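An overview of the molecular structure
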Amino acid sequence: MQTLDATEEFAELDGAAERASALARSLAEQTEQARSLPPELVEELRGAGLLRPALSAALGGRQLPPAVILRAAETVARGDASAGWCVSINATSSLLSAYLPEKGAAEVFGDPRSVAAGVWAPRGVARPVDGGVVVSGQWPFCSAISHSDWMFAGCVVAAPPREPDREPDRASGAAPTLRVLAIPTTELNILDTWRTSGLRGTGSHDSVASDLFVPEHRILSVLDGPPAGADPLYRFPVFGFFALSIAVAALGNARGAIDELIELAGGKRTLGSSRTLAQRSQVQAGVAAAEASLRAARLLVYTAVDEAWHAASGPEPVSEHARVALRLAATHATRTAAEVVASMYDLGGGSAIYESSPLQRRFRDAHTATAHFQVNPATYELLGRLLLGLPARTEQL
C-alpha cells in the first residue's frame, strides 16, 4: 500500500493545493459575492488536477490514494471553505469514473479538462426506453455546478411495463431501481437558488432536467458496490469518502479560522487596554483548546482513512467496522470543526461581527457544513444502532 508523501506525485499535489489555497484566500470575498468560484481560481484548480484526482488510470488519471486527495481538499479549504468544498465534491465525483461503463467513462472524462459534480440522492424519475432512459427531476444542493461539465444525478428508474395479459413476475426483480446518471450540465436548467448564510461560493444551485434522454453507457449504480476487479481506490467505501469530503472541508475551514484569529490577535487591543488579544490569558487558553480539539478530530479522520485504505487494498470487502469508523470520524470532525470556529469567532470579539471579517465568514461556512445530511446528528443515530448491535440499513454506509 502506498503511504503519504511516498512519491513525488503526492508532493506535487500537496504543493498545488498550497498554491490554490493562497489564491482562494485572496479571492474569498469575491467568491462569496459572486456565489461561485472566480474563473482564475477554477483555472488554477483545473490545471493542477485538483478537481479530478480520483480519475482512473485507465483514462489517464492520477488515481491517488484517499488520504492524499482528502488532504488536498483540506488544504484548499484552509484558504477558503467554499473552494475546498468544491474541490471535495469534484474529487468525489471523479471516483465514479470507475463505476461507469467504459464507453460512458470515456465520454464524461475523456477531455482532460472535464470535471463533474454530483447529487446522488434520487431526486429524479426515469423511465426505460430503447438504449437508455428518459429522466425528469430537480436536484438541489448541486455544489460546483457552475464550473462543472457533467453532473451525476440520482434517480429512481421505474420498472419496465409488463406485457398485456401477463401477471407480474416477482422473481424477475422487475421493480424500481436506484441509479445515477451522467448528464452534461449544458442539458440542465440551472436555477439560481443558492442564497444562503454560508458556503455561498459553492454555487450549490438547483438543477432541473425535463425529459432528457440518457444512454445506457452513462448509467451507473453506487449502491451495488465497485465493479468486479476494481482497484483499491474504488473498493474504498464510496459513501464514506463522500462524508469525509465534507469533513475535510470543515477541518480546513477551522484551521483557517485559527489562522485568522492568530493574525487578528497579534495586533488588536481591546478598548482601554494596552495588551493585544494575544497577550490575554483567555485568548491563549482558547486557542490552545481549539488547537487540541482540531488536531484530535483530524487525527481520528486520517486514522480511519488509513485503516479503510489498508482494508480496501486487501482481498476482502471493507468491513462494516471500518465503514462505521469512517462515518464516525467524518461526523465528529465536521461538528468539532464548527465548535472550533465558533470559539475563534467569540475570541475575535466585536471585530468578528462585520461582514468584512473573515471570521464571520468562517463561522457561517462552518455551520452550513454541519447541515449536510452525511454529517448531521441523525448520522450518529445510525452509527449508534450499529455499535449497539441493533439492525440498521447499511447500504449507504
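Read on for an overview of the structure. (Residues numbered from 1 in each chain as written. Predicted model: local features only at pLDDT ≥ 70, side-chain atom pairs only at ≥ 80, totals over all residues. Heavy atoms only, no water.)

1. Section: the overall build of the chain
Counting secondary structure elements, the chain contains 12 helices and 7 strands. Relative to its length of 397 residues, the chain is compact, with a C-alpha radius of gyration of 22 Å against a globular reference of 21 Å. Taken over the C-alpha atoms alone, the chain extends approximately 90 × 45 × 40 Å along its principal axes. Per-residue burial over the chain gives 54% buried out of 397 residues. By sequence separation, contacts in the chain at least 24 residues apart represent 77% of the contacts at least 6 residues apart. (Helix = DSSP H or I, 4+ residues; strand = E, 2+ residues; numbered from the N terminus. Rg over C-alpha atoms; globule rule 2.2 N^0.38 Å. Buried < 20%, exposed > 50% of the residue type's maximum accessible area, 1.4 Å probe, protein only. Contact = heavy atoms within 4.5 Å.)

2. Some points on the sheet that holds strand E3 (residues 150–157)
Spatial ordering of the open sheet is given by E5-E6-E2-E1-E3-E4-E7, a layout of 7 strands whose pairing is mixed. Edge positions in the sheet fall to strand E5 (189–191) and strand E7 (219–220), since each of these pairs with one other strand and no more. Along the sheet, helix H5 (residues 81–94) contacts strand E1 (116–129) and E3; its crossing angle with E1, the most-contacted strand, is approximately 45 degrees. (Pairing = 2+ DSSP bridges. Axes fitted to C-alpha atoms, helices over the stretch in contact; angles between N-to-C directions.)

3. Observations concerning the pattern of salt bridges
One pass over the full model with this rule turns up 20 salt bridges. Across the salt bridge formed by arginine 25 and glutamate 260, the nearest N and O atoms sit 2.9 Å from each other. Taken together, the residues span a long stretch of sequence, with arginine 25 in helix H1 (residues 8–26) and glutamate 260 in helix H8 (residues 238–265) at a distance of 235 residues. A residue is classified by how much of its surface remains accessible, and glutamate 260, at 8% relative accessible area, is buried. Between arginine 393 and glutamate 395 there is a salt bridge, and its shortest N-O distance comes to 2.6 Å. You can call arginine 393 exposed: its relative accessible area is 68%. Accessibility expressed as a relative area gives 34% for glutamate 395, which makes it partly exposed. Taken together, the shared-partner salt bridges connect Arg25, Glu260, Glu263 and Arg362 into one network. (Salt bridge = Lys/Arg side-chain N within 4 Å of Asp/Glu carboxyl O.)

4. Looking at helix H11 (residues 358–369)
The terminal C-alpha atoms of H11, which comprises 12 residues, lie 16 Å apart, in line with the 16 Å expected from a rise of 1.5 Å per residue. Counting buried positions over the 12 residues of H11 gives 9, a clear majority of the element. Inspection of H11 places Leu359, Gln360, Arg361, Arg362, Arg364, Asp365, Ala366, Thr368 and Ala369 among the buried residues, and these make up the whole buried set. With a side-chain oxygen lying 3.1 Å from the backbone nitrogen of leucine 359, the N-terminal cap of H11 falls on serine 357. (Expected span 1.5 Å × (residues − 1). Polar contact = N/O pair within 3.5 Å; in protein donor to acceptor, adjacent residues only side chain to side chain.)

5. As for the packing of helix H9 (residues 281–312) against helix H10 (residues 320–347)
In the contact formed by H9 and H10, the axes pass within 9 Å of each other and the chain directions differ by 165 degrees. The orientation of H9 relative to H10 falls into the category roughly antiparallel. For the crossing formed where H9 meets H10, the hand is left-handed. (Parallel < 35°, antiparallel > 145°, perpendicular 65-115°, else oblique. Left-handed = near helix turned anticlockwise from the far one by under 90°.)

6. Structural notes on the nonpolar core
Grouped together as the largest cluster of nonpolar side chains are 105 residues, with contacts concentrated most on Leu45, Leu50, Trp120, Phe152, Phe236 and Met344. Of all the elements, H8 adds the most residues to this core, at 17 residues. Every residue in contact with methionine 344, bar those within four places of it in the chain, is listed here: Ala257, Ile258, Leu261, Gly286, Val287, Ala290 and Leu359. By size, the runner-up hydrophobic cluster in this structure holds 19 residues, among which are Ala117, Val119, Cys155 and Leu181. (Core = buried A, V, L, I, M, F, W, Y, C linked by side-chain atoms within 4.5 Å.)

7. Some words on unusual backbone geometry
A positive phi angle, near 50 degrees, is found at glutamine 63, a position not held by glycine. With respect to the secondary-structure elements, glutamine 63 resides in the loop between helix H3 (39–47) and helix H4 (66–79). Not every positive phi belongs to a glycine, and leucine 199 is a case in point at roughly 50 degrees. Following the sequence through the fold, leucine 199 ends up in the loop between E5 and strand E6 (205–215).

8. Some details on the packing of H5 against H8
As a packed pair, H5 and H8 sit with axes 9 Å apart at the nearest point and diverge in direction by 160 degrees. Judged on the interaxial angle alone, H8 and H5 are roughly antiparallel. Between H5 and H8 the crossing geometry is right-handed. Contacts between H5 and H8 involve Ala81, Gly84, Trp85, Ser88, Ile89 and Thr92 on the former and, on the latter, Phe241, Phe242, Ser245, Ile246, Val248, Ala249 and Asn253.

9. Points about the environment of glutamate 29
Topologically, glutamate 29 is positioned in helix H2 (residues 28–34). Owing to a relative accessible area of 55%, glutamate 29 belongs among the exposed residues under this scheme. Residues glutamate 29 and serine 356, spaced 327 residues apart in sequence, show a C-alpha to C-alpha distance of 8.0 Å.

10. Side note on the state of the cysteines
Taken as a whole and assessed by the stated rule, the structure comprises 0 disulfides. Cysteine 155 takes part in no disulfide bond, and the closest cysteine sulfur to it belongs to cysteine 142, at a distance of 14 Å. (Disulfide = S-S within 2.5 Å.)

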